[in-house]
Amino acid sequence: MTTDYRDTLNALIDRGWEMSRLGDFSYMRNENPKKDPFFIPQKDREGRQIVLLRHDIDHSAIEAHKMAEMEASLGIYSSYYVLTSDVAVLEKGEVKWWGDPKKQKEGLVLLNEMQGMGHEVGLHYDALGHHLKTGESMEKHLRDTLGQLRDSGLDIQGCAAHGSRILTDLRRGQRPIGTDEHITLDPRKYMSYNIWKDREVDSFEYCSLWLEDFGLRYEAYLIHLDWYYADGHTGEHAVKYPKKFAGLEASEIPRDAAAQGQVMQALFHPIKWKGRLD
(Lines give C-alpha, C1' and ligand atoms only; values in the text may rest on other atoms or scores of the structure.)
Protein backbone atom coordinates (compact mmCIF):
# COMPACT_ATOMS: atom_id res chain seq x y z
CA MET A 1 0.00 0.00 0.00
CA THR A 2 1.36 3.42 -0.95
CA THR A 3 -0.23 6.68 0.08
CA ASP A 4 0.17 10.30 -0.84
CA TYR A 5 2.31 12.51 1.33
CA ARG A 6 -0.54 14.30 3.06
CA ASP A 7 -2.08 10.99 4.15
CA THR A 8 1.28 9.78 5.48
CA LEU A 9 1.75 12.88 7.63
CA ASN A 10 -1.83 12.74 8.89
CA ALA A 11 -1.41 9.08 9.85
CA LEU A 12 1.62 9.94 11.99
CA ILE A 13 -0.13 12.92 13.57
CA ASP A 14 -3.20 10.76 14.27
CA ARG A 15 -0.90 8.44 16.26
CA GLY A 16 0.26 11.23 18.53
CA TRP A 17 3.45 12.30 16.75
CA GLU A 18 4.37 16.00 16.67
CA MET A 19 6.21 17.32 13.59
CA SER A 20 9.36 19.38 14.23
CA ARG A 21 12.35 20.80 12.40
CA LEU A 22 15.68 19.31 13.40
CA GLY A 23 16.95 22.78 14.20
CA ASP A 24 14.21 23.38 16.77
CA PHE A 25 16.21 21.83 19.58
CA SER A 26 19.29 22.70 21.62
CA TYR A 27 20.94 19.30 21.56
CA MET A 28 22.85 17.94 24.51
CA ARG A 29 26.10 16.01 24.10
CA ASN A 30 26.57 12.34 24.89
CA GLU A 31 29.44 11.80 27.33
CA ASN A 32 30.53 8.76 25.31
CA PRO A 33 31.96 10.15 22.02
CA LYS A 34 31.61 6.77 20.29
CA LYS A 35 27.83 6.82 20.58
CA ASP A 36 25.35 9.19 18.94
CA PRO A 37 26.78 12.50 20.18
CA PHE A 38 23.54 14.54 20.07
CA PHE A 39 20.27 13.97 21.89
CA ILE A 40 17.19 16.01 22.67
CA PRO A 41 17.05 16.97 26.37
CA GLN A 42 14.48 15.09 28.44
CA LYS A 43 12.68 18.32 29.36
CA ASP A 44 11.94 18.87 25.64
CA ARG A 45 10.77 15.26 25.12
CA GLU A 46 8.65 14.83 28.22
CA GLY A 47 5.01 14.12 27.42
CA ARG A 48 5.65 14.23 23.67
CA GLN A 49 6.32 11.97 20.68
CA ILE A 50 8.59 14.01 18.42
CA VAL A 51 9.10 13.54 14.68
CA LEU A 52 12.22 15.19 13.29
CA LEU A 53 10.85 15.75 9.80
CA ARG A 54 13.68 15.64 7.28
CA HIS A 55 13.95 15.96 3.50
CA ASP A 56 17.08 15.38 1.41
CA ILE A 57 17.08 17.38 -1.83
CA ASP A 58 19.21 15.22 -4.12
CA HIS A 59 18.01 16.94 -7.28
CA SER A 60 16.22 20.17 -8.18
CA ALA A 61 14.53 22.28 -5.52
CA ILE A 62 11.30 22.44 -7.52
CA GLU A 63 9.65 19.34 -6.02
CA ALA A 64 10.99 20.31 -2.59
CA HIS A 65 9.28 23.70 -2.94
CA LYS A 66 5.97 21.98 -3.74
CA MET A 67 6.36 19.75 -0.68
CA ALA A 68 7.23 22.75 1.48
CA GLU A 69 4.13 24.64 0.31
CA MET A 70 1.90 21.67 1.10
CA GLU A 71 3.41 21.24 4.57
CA ALA A 72 3.07 24.95 5.36
CA SER A 73 -0.62 24.81 4.35
CA LEU A 74 -1.03 22.18 7.11
CA GLY A 75 0.92 24.24 9.67
CA ILE A 76 3.85 21.82 9.45
CA TYR A 77 7.45 23.03 9.25
CA SER A 78 10.35 20.72 8.49
CA SER A 79 14.04 20.58 7.54
CA TYR A 80 15.32 20.45 3.95
CA TYR A 81 18.93 19.51 3.17
CA VAL A 82 20.29 20.59 -0.20
CA LEU A 83 22.92 18.61 -2.14
CA THR A 84 25.26 20.64 -4.33
CA SER A 85 27.84 17.97 -5.26
CA ASP A 86 27.25 14.40 -6.36
CA VAL A 87 30.18 12.27 -7.51
CA ALA A 88 27.89 10.00 -9.53
CA VAL A 89 26.83 13.04 -11.55
CA LEU A 90 30.46 14.07 -12.08
CA GLU A 91 31.29 10.61 -13.39
CA LYS A 92 28.51 10.81 -15.97
CA GLY A 93 29.62 14.25 -17.09
CA GLU A 94 26.16 15.63 -16.35
CA VAL A 95 25.39 19.12 -15.11
CA LYS A 96 22.66 19.30 -12.48
CA TRP A 97 21.03 22.40 -11.08
CA TRP A 98 24.00 23.53 -8.97
CA GLY A 99 26.37 23.42 -11.94
CA ASP A 100 24.08 25.50 -14.15
CA PRO A 101 24.29 29.22 -13.17
CA LYS A 102 20.71 29.95 -14.23
CA LYS A 103 19.24 26.93 -12.45
CA GLN A 104 21.41 27.58 -9.40
CA LYS A 105 20.06 31.12 -9.11
CA GLU A 106 16.48 29.91 -9.52
CA GLY A 107 17.03 27.10 -7.01
CA LEU A 108 18.43 29.46 -4.39
CA VAL A 109 15.37 31.67 -4.79
CA LEU A 110 13.11 28.66 -4.14
CA LEU A 111 15.14 27.60 -1.11
CA ASN A 112 14.95 31.08 0.37
CA GLU A 113 11.19 31.10 -0.22
CA MET A 114 10.97 27.78 1.66
CA GLN A 115 12.93 29.29 4.53
CA GLY A 116 10.54 32.25 4.47
CA MET A 117 7.59 29.85 4.86
CA GLY A 118 9.10 28.70 8.17
CA HIS A 119 11.08 25.67 7.05
CA GLU A 120 14.72 25.02 7.89
CA VAL A 121 17.27 24.67 5.09
CA GLY A 122 20.48 22.75 5.77
CA LEU A 123 23.35 21.15 3.87
CA HIS A 124 23.21 17.66 2.32
CA TYR A 125 26.89 16.94 1.77
CA ASP A 126 29.23 14.44 0.13
CA ALA A 127 32.55 15.99 1.17
CA LEU A 128 34.40 12.68 1.51
CA GLY A 129 33.22 11.26 -1.82
CA HIS A 130 33.99 14.59 -3.49
CA HIS A 131 37.51 14.57 -2.04
CA LEU A 132 38.24 10.99 -3.11
CA LYS A 133 37.09 11.72 -6.66
CA THR A 134 38.45 15.24 -7.22
CA GLY A 135 41.27 15.64 -4.70
CA GLU A 136 39.76 18.85 -3.31
CA SER A 137 40.05 19.00 0.47
CA MET A 138 36.90 18.30 2.45
CA GLU A 139 37.36 21.51 4.43
CA LYS A 140 37.61 23.73 1.34
CA HIS A 141 34.66 22.04 -0.33
CA LEU A 142 32.46 22.48 2.75
CA ARG A 143 33.50 26.08 3.39
CA ASP A 144 32.97 27.10 -0.23
CA THR A 145 29.57 25.42 -0.43
CA LEU A 146 28.33 26.76 2.90
CA GLY A 147 29.59 30.21 1.95
CA GLN A 148 27.59 30.24 -1.27
CA LEU A 149 24.43 29.03 0.44
CA ARG A 150 24.73 31.46 3.34
CA ASP A 151 25.60 34.38 1.06
CA SER A 152 22.28 33.79 -0.71
CA GLY A 153 20.44 34.41 2.57
CA LEU A 154 20.06 30.85 3.87
CA ASP A 155 20.60 30.32 7.60
CA ILE A 156 22.43 26.97 7.52
CA GLN A 157 22.74 25.48 11.02
CA GLY A 158 22.60 21.74 10.40
CA CYS A 159 23.59 19.07 7.92
CA ALA A 160 22.74 15.55 6.79
CA ALA A 161 25.15 13.19 5.04
CA HIS A 162 24.60 12.01 1.46
CA GLY A 163 25.31 8.36 0.68
CA SER A 164 27.13 8.67 -2.63
CA ARG A 165 27.83 5.75 -4.95
CA ILE A 166 31.57 6.04 -4.52
CA LEU A 167 31.33 5.43 -0.76
CA THR A 168 28.82 2.61 -1.24
CA ASP A 169 31.25 0.90 -3.60
CA LEU A 170 34.11 1.31 -1.12
CA ARG A 171 32.05 -0.25 1.66
CA ARG A 172 31.44 -3.21 -0.65
CA GLY A 173 35.19 -3.64 -1.05
CA GLN A 174 35.36 -2.09 -4.53
CA ARG A 175 37.72 0.70 -5.52
CA PRO A 176 36.08 2.97 -8.12
CA ILE A 177 38.35 4.19 -10.90
CA GLY A 178 39.94 7.53 -10.13
CA THR A 179 39.81 7.30 -6.34
CA ASP A 180 42.77 7.73 -4.00
CA GLU A 181 45.31 4.94 -4.51
CA HIS A 182 46.06 4.81 -0.78
CA ILE A 183 42.67 3.54 0.35
CA THR A 184 43.57 0.73 2.74
CA LEU A 185 41.24 1.46 5.66
CA ASP A 186 38.33 -0.62 6.94
CA PRO A 187 35.75 -0.18 4.13
CA ARG A 188 32.87 -0.24 6.61
CA LYS A 189 33.98 3.18 7.88
CA TYR A 190 33.37 4.93 4.57
CA MET A 191 30.21 6.73 5.69
CA SER A 192 29.86 10.43 4.84
CA TYR A 193 29.18 11.39 8.46
CA ASN A 194 32.36 9.71 9.71
CA ILE A 195 34.34 12.81 8.76
CA TRP A 196 33.15 14.51 11.96
CA LYS A 197 35.20 14.23 15.13
CA ASP A 198 32.02 14.96 17.11
CA ARG A 199 31.59 11.19 17.12
CA GLU A 200 34.85 9.36 17.64
CA VAL A 201 35.70 6.85 14.90
CA ASP A 202 38.81 4.79 15.63
CA SER A 203 41.59 4.58 13.02
CA PHE A 204 39.82 6.51 10.26
CA GLU A 205 42.09 9.22 8.88
CA TYR A 206 39.21 11.17 7.35
CA CYS A 207 37.58 11.68 10.76
CA SER A 208 39.18 15.10 11.04
CA LEU A 209 36.60 17.90 11.19
CA TRP A 210 34.41 19.49 13.88
CA LEU A 211 30.88 20.63 13.10
CA GLU A 212 31.19 23.84 15.11
CA ASP A 213 34.14 24.98 12.98
CA PHE A 214 31.70 25.26 10.08
CA GLY A 215 28.95 26.97 12.06
CA LEU A 216 26.94 23.73 12.25
CA ARG A 217 25.05 22.70 15.39
CA TYR A 218 24.19 19.10 14.50
CA GLU A 219 24.42 16.27 11.95
CA ALA A 220 21.12 14.48 11.36
CA TYR A 221 22.66 11.00 11.41
CA LEU A 222 24.37 11.67 14.74
CA ILE A 223 21.17 12.40 16.69
CA HIS A 224 19.90 9.69 19.04
CA LEU A 225 16.60 8.21 17.81
CA ASP A 226 14.07 5.67 18.97
CA TRP A 227 12.35 5.35 15.57
CA TYR A 228 13.44 5.78 11.97
CA TYR A 229 10.99 6.07 9.08
CA ALA A 230 12.09 6.53 5.46
CA ASP A 231 11.08 6.23 1.83
CA GLY A 232 12.76 3.93 -0.67
CA HIS A 233 13.88 3.88 -4.28
CA THR A 234 10.59 2.59 -5.70
CA GLY A 235 8.20 4.93 -3.90
CA GLU A 236 7.59 2.75 -0.85
CA HIS A 237 7.94 4.14 2.66
CA ALA A 238 7.93 2.43 6.03
CA VAL A 239 9.38 2.11 9.51
CA LYS A 240 13.04 1.01 9.40
CA TYR A 241 13.39 0.57 13.14
CA PRO A 242 12.57 -0.46 15.80
CA LYS A 243 12.71 -3.91 14.20
CA LYS A 244 9.42 -4.91 15.83
CA PHE A 245 7.58 -2.50 13.53
CA ALA A 246 9.91 -2.54 10.52
CA GLY A 247 8.09 -2.54 7.19
CA LEU A 248 4.91 -0.90 8.46
CA GLU A 249 3.61 2.21 6.74
CA ALA A 250 2.49 5.12 8.90
CA SER A 251 -1.18 4.10 8.76
CA GLU A 252 -0.28 0.56 9.87
CA ILE A 253 1.65 1.48 13.02
CA PRO A 254 -0.33 0.43 16.12
CA ARG A 255 -1.65 3.48 17.93
CA ASP A 256 -0.03 2.43 21.20
CA ALA A 257 3.33 1.49 19.65
CA ALA A 258 5.28 4.60 20.72
CA ALA A 259 5.93 5.79 24.24
CA GLN A 260 5.90 9.36 25.46
CA GLY A 261 9.34 10.92 25.21
CA GLN A 262 10.36 8.96 22.12
CA VAL A 263 11.93 10.54 19.03
CA MET A 264 11.43 9.52 15.40
CA GLN A 265 13.37 10.81 12.42
CA ALA A 266 11.28 10.63 9.24
CA LEU A 267 13.15 11.02 5.95
CA PHE A 268 11.22 11.83 2.79
CA HIS A 269 12.96 12.69 -0.51
CA PRO A 270 10.78 15.22 -2.38
CA ILE A 271 11.62 13.77 -5.80
CA LYS A 272 10.27 10.37 -4.74
CA TRP A 273 6.87 11.91 -3.97
CA LYS A 274 6.43 13.56 -7.34
CA GLY A 275 2.76 13.26 -8.24
CA ARG A 276 1.80 12.46 -4.64
CA LEU A 277 1.94 15.96 -3.16
CA ASP A 278 -1.68 17.01 -3.75
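Everything below is about the structure shown above.
Remember, it's a predicted structure, so these values are computed and weren't measured experimentally.

Novice: Before we move on, could you go through the packing of helix α3 (residues 61-73) against helix α5 (residues 101-117) and cite the residues and values that matter?
Specialist: Look at α3 against α5: their axes get within 10 Å of each other, and the N-to-C directions meet at 15°. Taken as axis vectors, α3 and α5 run roughly parallel relative to one another. The way α3 lies across α5 gives a crossing that is left-handed. The segment α3 lies against α5, with Ala-61, Ile-62, Ala-64, His-65, Ala-68, Glu-69 and Ala-72 engaging Gly-107, Leu-110, Leu-111, Glu-113, Met-114 and Met-117.

Novice: Quick rundown of the pattern of salt bridges? Include the residues and the values.
Specialist: Tallied over the full model, the rule gives 12 salt bridges. We note a salt bridge from Lys-66 to Glu-63, for which the minimum N-O separation is 3.2 Å. On the criterion of helical spacing, the pair formed by Lys-66 and Glu-63 is a turn pair, its members being three residues apart in helix α3. On the accessibility criterion, Lys-66 (42% relative accessible area) is partly exposed. For Glu-63, a relative accessible area of 8% gives the class buried.

Novice: Quick rundown of the environment of Glu-200? Include the residues and the values.
Specialist: Within the secondary structure, Glu-200 is located in the loop between α8 (165-171) and β8 (218-219). In sequence terms Glu-200 and Lys-35 are 165 residues apart; their C-alpha atoms lie 8.0 Å from each other. Every residue in contact with Glu-200, bar those within four places of it in the chain, is listed here: Pro-33 and Lys-34.

What counts, and where the lines are drawn
Residues numbered from 1 in each chain as written. Predicted model: local features only at pLDDT ≥ 70, side-chain atom pairs only at ≥ 80, totals over all residues. Heavy atoms only, no water. Axes fitted to C-alpha atoms, helices over the stretch in contact; angles between N-to-C directions. Helix = DSSP H or I, 4+ residues; strand = E, 2+ residues; numbered from the N terminus. Parallel < 35°, antiparallel > 145°, perpendicular 65-115°, else oblique. Left-handed = near helix turned anticlockwise from the far one by under 90°. Contact = heavy atoms within 4.5 Å. Salt bridge = Lys/Arg side-chain N within 4 Å of Asp/Glu carboxyl O. Buried < 20%, exposed > 50% of the residue type's maximum accessible area, 1.4 Å probe, protein only.

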